[in-house]
Amino acid sequence: MTSYQMLIDGQWVAARSGATLESVNPFTAQPWATVPRAGAEDVDLAVKAARKAFYSKAWRGLTATARGALLRKLGDLIAADADRLGTIETTDNGKLYAEMRGQCNYIPQWFYYFGGLADKIEGRVLPIDKPGVFNFTKQEPLGVIAAITPWNSPLLLAAWKLAPLLAAGNTVVWKPSEFSSVSALEFGKLFEQAGFPPGVVNIVTGFGAEVGEPLVTHPDVAKVAFTGGDKTGEHIYQLAARGIKHVTLELGGKSANIVFEDADMEAAVNGVVSGIFAATGQTCIAGSRALVHRSIHDEFVDKLLALAKTAKMGNPLELTTQVGPVTTRPQYEKVLQYIDIAKKEGAVCRLGGGPATRPECGAGWFVEPTIFTGVKPTMRIACEEVFGPVLSVIPFDTDDEAVEIANSTAYGLAAGVWTKSIKRALEMPDRLEAGMVWVNMYRAVSYMSPFGGYKRSGIGRESGMDAIHEYLQTKSVWIDVAGNTANPFVMR
Ligand code: NAD
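Residues numbered from 1 in each chain as written. Predicted model: local features only at pLDDT ≥ 70, side-chain atom pairs only at ≥ 80, totals over all residues. Heavy atoms only, no water.

Of all hydrophobic cores here, the largest spans 120 residues; its most connected members are Phe111, Phe114, Leu162, Leu166, Trp174, Phe187 and Phe196. Ranked by residue count, the leading element in this core is helix H6 (residues 154–167), at 11 residues. Ignoring any residue separated from it by four or fewer positions in sequence, one finds Leu162 in contact with Phe111, Val172, Trp174, Phe187 and Phe191. Ile258, Ala415, Val417 and Ala434 belong to the second largest nonpolar core, which has 32 residues in total. (Core = buried A, V, L, I, M, F, W, Y, C linked by side-chain atoms within 4.5 Å. Buried < 20%, exposed > 50% of the residue type's maximum accessible area, 1.4 Å probe, protein only. Helix = DSSP H or I, 4+ residues; strand = E, 2+ residues; numbered from the N terminus. Contact = heavy atoms within 4.5 Å.)

Glancing now at the pairing of strand S20 (residues 436–439). On S20, burial follows the alternation: Met436 and Trp438 on one face are buried, whereas Val437 and Val439 on the facing-out side are not. Sheet topology places strand S19 (residues 414–418) next to S20; four bridges connect them, and they run parallel. Bridging from a neighbouring strand, Ala415 pairs with Val437 of S20. The parallel pair S19 and S20, bridged by helix H15 (residues 422–431), forms a crossover whose chirality is right-handed. (Pairing = 2+ DSSP bridges. Right-handed = clockwise from strand over helix to strand, strands pointing away.)

Moving on to the site of the ligand. Near the ligand, the surroundings consist of 28 residues, among which Thr149, Glu178, Thr232, Leu251 and Glu385 are the closest. Here Glu178 contributes a side-chain N or O atom positioned 2.6 Å from an oxygen atom of the ligand. One of the backbone nitrogen or oxygen atoms of Leu251 is found 2.7 Å away from a nitrogen atom of the ligand. Computed on the free molecule, the ligand has an accessible area of 850 Å², of which 89% lies beneath the protein chains in the complex. With respect to the pocket detection grid, the ligand is positioned in the largest pocket. Counting residues per element, the ones that place at least two in the shell around the ligand are helix H8 (208–217), strand S11 (221–227) and helix H9 (230–242). Looking at the shell around the ligand, its residues break down into 12 nonpolar, 11 polar and five charged. (Near = heavy atom within 4 Å. Polar contact = N/O pair within 3.5 Å; in protein donor to acceptor, adjacent residues only side chain to side chain. Areas by Shrake-Rupley, 256 points an atom, 1.4 Å probe, with all protein chains shown as cover. 1 Å grid on protein atoms, 1.4 Å probe; cavity = no way out; pocket = protein on both sides within 12 Å on 5 of 7 lines; lining within 4 Å. Sits in = over half its atoms within 2 Å of the grid points. Nonpolar A, V, L, I, M, F, W, Y, C, P; charged D, E, K, R; others polar.)

Let's shift gears to the environment of Leu413. For Leu413, the position within the fold is in the loop between strand S18 (411–412) and S19. Given a relative accessible area of 1%, Leu413 falls into the buried group. Separated by 204 residues in the primary sequence, Leu413 and Ala209 have C-alpha atoms spaced 26 Å apart.

Given below as structure tokens:
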């Protein structure tokens, strides 16, 4: 068991109470590390440190170019350490090493991209309609940001927040998930090595109620940037509203992969399998509903079953494994409950449908890749986020019906469209209520392209040029250059 400390004001410290919590390896179901179990007192220290750093000469006095250089240096350090960080992520959250290593190797791009953007944050001079007055705008950082992240892609989702918020000149208190804090703490060491001044990045570990809530409600926090479940997001939004804080919410989804009758069948089968079984379905953009045109439904399902059956389960650290365990015991139990609900609702279980007890699954929390057909759009399995390897197949007859079903859930994170028709490829993205639409592909992300949800899937966007504006506010500056004395009782 390795024991970790957390990062407050440039110091590696235990929780003030001395309490710790265990991080459990989902493959072995055994604890492998301990991290501090912080509380409100630790949060207060971290926010104070972040506030002090925000106003410090060491951070505020840096030119935007120098700030950008720090981010790019950090990118280099992450790149050099990516494989090791990926191994830690897999040990912590049980997702495939192939995926976590890939993510960790990609993370530097966010720091290069936003590092490059740091000195391109420009204001404007306005041709103001008042003679003798000069008016310009400035883009300024917000202050202390609370970044709260989930367990499924711990470092990638943190980088989506940290890179733009630091490029914009803010400071941060980051609370990683209690299920996957170790990689965050290892990551924290790299900020130090890159030369970020103490207090600019603080990491406080612990539970949502004990660390997350005091952080969200802290009066010195200007913005909450949250990724997690929609119910937690709703609660955080309410708490943040009391302090009139800015928020970004990246929440869950129930994304539809729509397969039209003119689709390339092999590509679509491949895309639907990747959408739901990659990452064991534990991804916000999981394509958990396959909407399939009735004329190809049976052939498509046969091919889907044939491919899904070949998925190799086992130790997520092995590069040949394709489906790993579910990350946490509560999540494992939730997935199994949804499978039971679907069976009781009358959905037909065509593959899997329970815990995986193959020898290669060891003591881990494995669920068999599960496919239901005969799913009606109103069934709970078709409306609620399962966050596991469970696919609902729903037939449709017309384009209008496909759109209606796809848009019928409370969520709006992503959608996939499989077609050879250019008309559909252009028309469907217009009609689908989703922040990301992929046509003849699925599950692609980039530091350059905005990511975020419609409806209950969230507020705000991460990645891409616009993301930096989620961490900036506009100031309008007025200067009388004519020396006019105006009527004091009338607005100018
Ligand atoms: P979660 O909502 O349970 O927890 C997310 C984070 O919030 C954790 O750090 C947790 O400790 C913290 N938290 C919990 N209660 C809190 C409270 N009362 N106050 C403050 N913080 C609190 O989510 P999870 O189970 O860790 O992650 C899975 C969820 O995340 C899924 O719903 C998934 O769809 C969503 N997700 C969304 C995206 C996206 O970008 N849209 C990406 C990945 C995951």
